[in-house]
Amino acid sequence: MIDKTRVTDIRETGTRDVPRDETLCPSPIALQTAAIDRRHGKSAQESLFQASSAFFILALIGLLFVTDLRAADPDTATNRTSDNGHFVVVIESRVEPIPLNSLHAWVVSLNTADGTPVDDAAIDVDGGMPMHNHGLPTAPRITEALGDGKYLLEGVKFQMPGHWTVTFGIDADGTTDSVTFNLML
Amino acid sequence: MSRSRRTVLALSAALCIAFSPSALAGDKWTDEEIRVLQSLSIDALPPLPASPGNPVADDPDAVAFGHRLFFDRELGSTDAVACVTCHQPDRGFRDGLARGRAIGETRRRTMNLVGVAWSPWLFWDGRRDSLWAQALEPLEHPAEHGGTRLGYLHLIANDADYRIRYESLFGALPDTTDRARFPLSGGPLGTPEERAVWQAMSSADQHQVSTVFANLGRVLEAYQRRLVPGAAPFDRYVRAIVDADSADQQQILDERQVSGLKLFIDKARCMHCHNGPLLTNNEFHNTGVFPSDRLPEDRGRVEGVKALLDDEFNCLGKYSGADPGACGELRFVKSSGIELVAAFRTPSLRNIASSGGPYMHDGSFATLRDVLEHYDEARATLISDDLEPLSLEESQFVELEAFLRALDGPLATDPSLLAPPGD
């Protein structure tokens, strides 16, 4: 059977990241409501409560009408610290902008947290589209250590527009960590 | 709630609606939408990709040779089956059937060939990775041409025109007068008798015969690479948008088609898979085209990728001659994962209406409306969750179908290649 729970979880997680974005429109208006209320001599707490209520209602209205803003843009930084802080990883596509439906290569730079390049690491690659619950269409892998902490990642391909993640599992002399990058295509 | 607060809320809601991106877009296209439309336009089609294992892929003599082979009804064990039996030019190189029918019936629907040169994968399950390797399978398949490798060698050797064409492109044929070494019929995939004949041959002679066979695939590829889609009304509409010619835009697509196009790139989510200038990502997806209460009998890409890796004619195989560096799709192929189960290659939507139904890999839907209803329903597949119900309204079905008809256009192919050679 399909794991519907997992799908829902992913989608709910996506939704939980959303509020900041969905309030792009209502948020200033909620603040404006609070300002009006202040002029009417209401307490800051009361104003805040009312502003929050308006914020909530407008967020709902926003959801109904501003369907274009379904999800917040994920952080698409190409320079990230690994989950447990052991490494700083930088990705750079050899083809810019990252193409759709075309096999291409990336250079992955691996450094320790203090900036020392890490050679001889074992790096595995995984990824997919979290909102669609599927993986990458290819099996990309590191094919060459380029020296100075740089690695060639070949076989990268994306076949749909949207939000993708690419996760690297890193093992350098027994120190293991992972890091996930977001891409919007 | 006080009156002033209601007013503020109402005002806020009105502002929110007024400044939502959809309202701002109005009936015009946003810059982002225009970028998307351009990505789907035929003008975004890159030049023909290289065919790493085929040095004659763009040789005009190979095109002419392949043209004759494509229409030759003697290509196989009967005098009744040609490539064109199933790939009919006036039906978009399809046959109007749910299953291809030659000597027997094939397992899946006949695929369209227009624009096929741009696909890294061939067949519905991608079990071949080049157009030349693809062309070989039907030639030996008992339900299609039903021929054997040795039979094709003798066909070429005994036909003066074929022989000249072959030898001018690829050099001398093996000495086919030596029937002890090269019997008239036999191959690795034929009947038990034909296989026995093949097994009795030396591996060097087998290699020679298989090389000739692979070269027939290469000239068939050269011909099929010329089957290229041309500009459809949709493409002319995008040109008019780019040229900011609004009068032209209205003449090219009607209101329903424009609404259908908007649905196509947004709410109906067609672009997840039908993207790029050929409106296909040429990858594999399980879209639930089988009964939802049991696992599918046709396992699609799961079987396809196994066959691909075992294929002696693949990009890294002994008959390829390609630089391994040019075989990226095969080297980095995804060979496991639930996504491969019952997944089939996304077909191009160009000329989807004029080619006629039935649709899908198993020909299970007679009309485009049936296909749209399938994606609207997005029934559970037991395997993947790539789709969600669309909740389309009746008018939106009509609009989407009207748009799909705007993808019908003439081929950008020399018309002489669409008729039998010499016609």
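Quantities reported herein were computed from a predicted structural model and do not represent experimental measurements.

**Q** Would you explain the overall build of chain B in this entry?
**A** Per the secondary structure count, chain B includes 17 helices and two strands. If you line up chain B on its principal axes, its C-alpha atoms span 100 × 50 × 40 Å. Out of the 423 residues belonging to chain B, those deemed buried represent 45%.

**Q** Can you walk me through the overall build of chain A in this structure?
**A** Helix and strand content of chain A: four helices and nine strands. In chain A, the succession of helices and strands from N to C terminus is α-α-α-α-β-β-β-β-β-β-β-β-β. Per-residue burial for chain A yields a buried fraction of 26% across its 185 residues. Taking the intrachain contacts of chain A between residues at least 6 apart in sequence as the baseline, contacts between residues at least 24 apart amount to 60%.

**Q** Whenever I open this one, the sheet that holds strand 2 (residues 87-93) of chain A confuses me. Can you help?
**A** Whether parallel or antiparallel, the strands of a sheet pair through hydrogen bonds between backbone atoms. Residues and elements named next belong to chain A. An order of 1-2-3-7-6 is seen for the five strands of this open sheet, with the pairing classed as antiparallel. Each having just a single partner strand, strand 1 (79-81) and strand 6 (141-147) make up the two edges of the open sheet. When strand polarity is set aside, the average angle formed by the axes of neighbouring strands in this sheet is 25°. Pairing between strand 3 (residues 104-112) and strand 7 (residues 150-156): five bridges, direction antiparallel. Of the residues in strand 7, the one forming a bridge with Trp106 is Leu153.

**Q** Mind showing me how you'd approach unusual backbone geometry here?
**A** Among all residues save glycine, negative phi is the norm, and among peptide bonds the norm is trans. Pro97 of chain A follows Glu96 of chain A through a cis peptide bond whose omega is -5°. With respect to the helices and strands, the residue Pro97 of chain A is situated in the loop between strand 2 and strand 3. A cis geometry characterises the amide bond from Gly357 of chain B onward to Pro358 of chain B, with omega recorded as -5°. Relative to the helices and strands, Pro358 of chain B resides in the loop between strand 2 (344-345) and helix 16 (368-377).

**Q** How should the environment of Phe234 of chain B be read in this particular structure?
**A** All names here are of chain B. As for its placement among the helices and strands, Phe234 is situated in helix 11 (residues 233-242). Residues Phe234 and Leu261 lie 27 residues apart in sequence; the distance between their C-alpha atoms is 8.8 Å. Residues in contact with Phe234, not counting those within four places in the same chain, are Ala406 and Leu407.

**Q** I would appreciate a short explanation of the confidence of the model for chain A in the present structure.
**A** Residues and elements named next belong to chain A. Averaged over chain A, the pLDDT score is 74; the fraction of residues at 70 or greater is 61%. The low-confidence segment residues 1-49 (pLDDT under 50) makes 60 contacts with residues lying over four places distant or belonging to another chain. Scored below 50 in pLDDT, residues 60-70 shows 17 contacts in the model against residues more than four places distant or in partner chains.

**Q** Honestly, the sheet that holds strand 9 (residues 175-184) of chain A in this entry has me stumped. Any pointers?
**A** All names here are of chain A. Reading across the sheet, the four strands line up as 5-4-8-9 and stay open at both edges, with antiparallel pairing between neighbours. Of all strands in the sheet, those with a lone pairing partner are strand 5 (134-135) and strand 9, marking the two edges. Pairing between strand 4 (residues 122-129) and strand 5: two bridges, direction antiparallel. Bridging from a neighbouring strand, Gly128 pairs with Gly135 of strand 5.

**Q** Quick question: what am I supposed to make of the domain arrangement of chain B here?
**A** Think of interface size as the accessible area that goes away when the parts come together; that is how it is often given. Residue and element names in this part refer to chain B. Partitioning chain B into domains gives domain 1 (28-45 + 230-300 + 341-405) and domain 2 (60-227). Here domain 1 and domain 2 have C-alpha centroids that lie 33 Å from each other. Listed by partner, the interface residues are 17 residues for domain 1 and 20 residues for domain 2. Residue classes in the side of domain 1 that touches domain 2 are distributed as five nonpolar, nine polar and three charged.

**Q** What should I look at first to understand the pairing of strand 2 of chain A in this one?
**A** Along any regular strand, the residues point their side chains to alternate faces of the sheet. Residues and elements named next belong to chain A. Inspection of the sheet shows strand 1 paired to strand 2 by three bridges, in the antiparallel sense. Residue pairing for strand 2: Thr81 is matched across the bridge by Val88. The loop that links strand 1 with its antiparallel partner strand 2 comprises five residues; one of these, Gly85, has a positive phi angle of about 80°. Judged from the seven bridges that link them, strand 2 and strand 3 form a sheet pairing that is antiparallel. Within strand 3, the residue paired with Phe87 across the bridge is Thr112.

**Q** Hey, could you run me through the pairing of strand 9 of chain A in this one?
**A** Two strands pair when backbone bridges link them, and strand 8 (residues 163-172) of chain A and strand 9 of chain A are joined in this way by ten bridges, in the antiparallel orientation. Across the sheet, Thr167 of chain A pairs through a bridge with Thr180 of chain A, a residue of strand 9 of chain A.

**Q** Looking at this model, I keep getting lost on the nonpolar core. Mind explaining?
**A** Soluble globular proteins: nonpolar side chains tend toward being buried together. Core analysis: the largest hydrophobic core is formed by 88 residues, its most contacted members being Val219, Leu220, Phe264 and Leu407 of chain B. Here this core gets eight residues from one element, more than from any other, and that element is helix 10 (residues 203-224) of chain B. Counting residues domain by domain, this core receives three or more from each of domain 1 (28-45 + 230-300 + 341-405) and domain 2 (60-227) of chain B. Not counting residues within four places of it along the chain, the set of residues in contact with Val219 of chain B comprises Val56, Ala62, Phe65, Gly66 and Leu69 of chain B. Judged by nonpolar contacts, the second largest core, of 22 residues, contains Val118, Tyr151, Phe168 and Val179 of chain A.

**Q** Explanation requested: the confidence of the model for chain B in the structure shown.
**A** Detailed reading of the predicted coordinates is not advisable wherever pLDDT is low. All names here are of chain B. When pLDDT is averaged along chain B, the result is 92, and 92% of the positions lie at 70 or above. Confidence drops under pLDDT 50 across residues 11-27; counting only partners more than four residues distant or on other chains, this segment forms 23 contacts. The ipTM, which scores confidence in the relative placement of chains, is 0.86 for this predicted complex, and the corresponding pTM is 0.83.

The rules behind each value
- Within any chain, residue numbers begin from 1 and follow the written order of that chain's sequence.
- The order in which chains are written sets their letters, starting at A; the order in which ligands are written sets their numbers, starting at 1.
- In view of the model being predicted, local features appear only for residues whose pLDDT reaches at least 70, and side-chain atom pairs are presented and counted only at 80 or more, with totals across whole chains, interfaces and linings using the full set of residues.
- Each helix is a run of H or I in the DSSP string that is no shorter than four residues. Each strand is a run of E no shorter than two, and both are numbered from the N terminus.
- For every residue, the other C-beta atoms within 10 Å of its own C-beta are counted; 20 or more classify it as buried, 12 or fewer as exposed, and values in between as partly exposed. C-beta atoms are placed from the backbone.
- Each residue is represented by a C-beta atom placed from its backbone, and any two residues with such atoms within 7 Å are regarded as in contact.
- One bridge is not enough; two strands pair if DSSP finds at least two bridges between them.
- In this analysis an axis means a line fitted to C-alpha atoms, helices contributing only their contacting stretch, and an angle means the value between N-to-C directions, from 0 to 180 degrees.
- Known as pLDDT, the predictor's confidence for each residue is given on a scale from 0 to 100.
- Domain start and stop points were drawn from an automatic or database domain assignment.
- Under this grouping Gly is polar, as are all residues other than the nonpolar Ala, Val, Leu, Ile, Met, Phe, Trp, Tyr, Cys and Pro and the charged Asp, Glu, Lys and Arg.
- As used throughout, a nonpolar core is a set of buried Ala, Val, Leu, Ile, Met, Phe, Trp, Tyr and Cys residues joined through C-beta atoms within 7 Å of each other.

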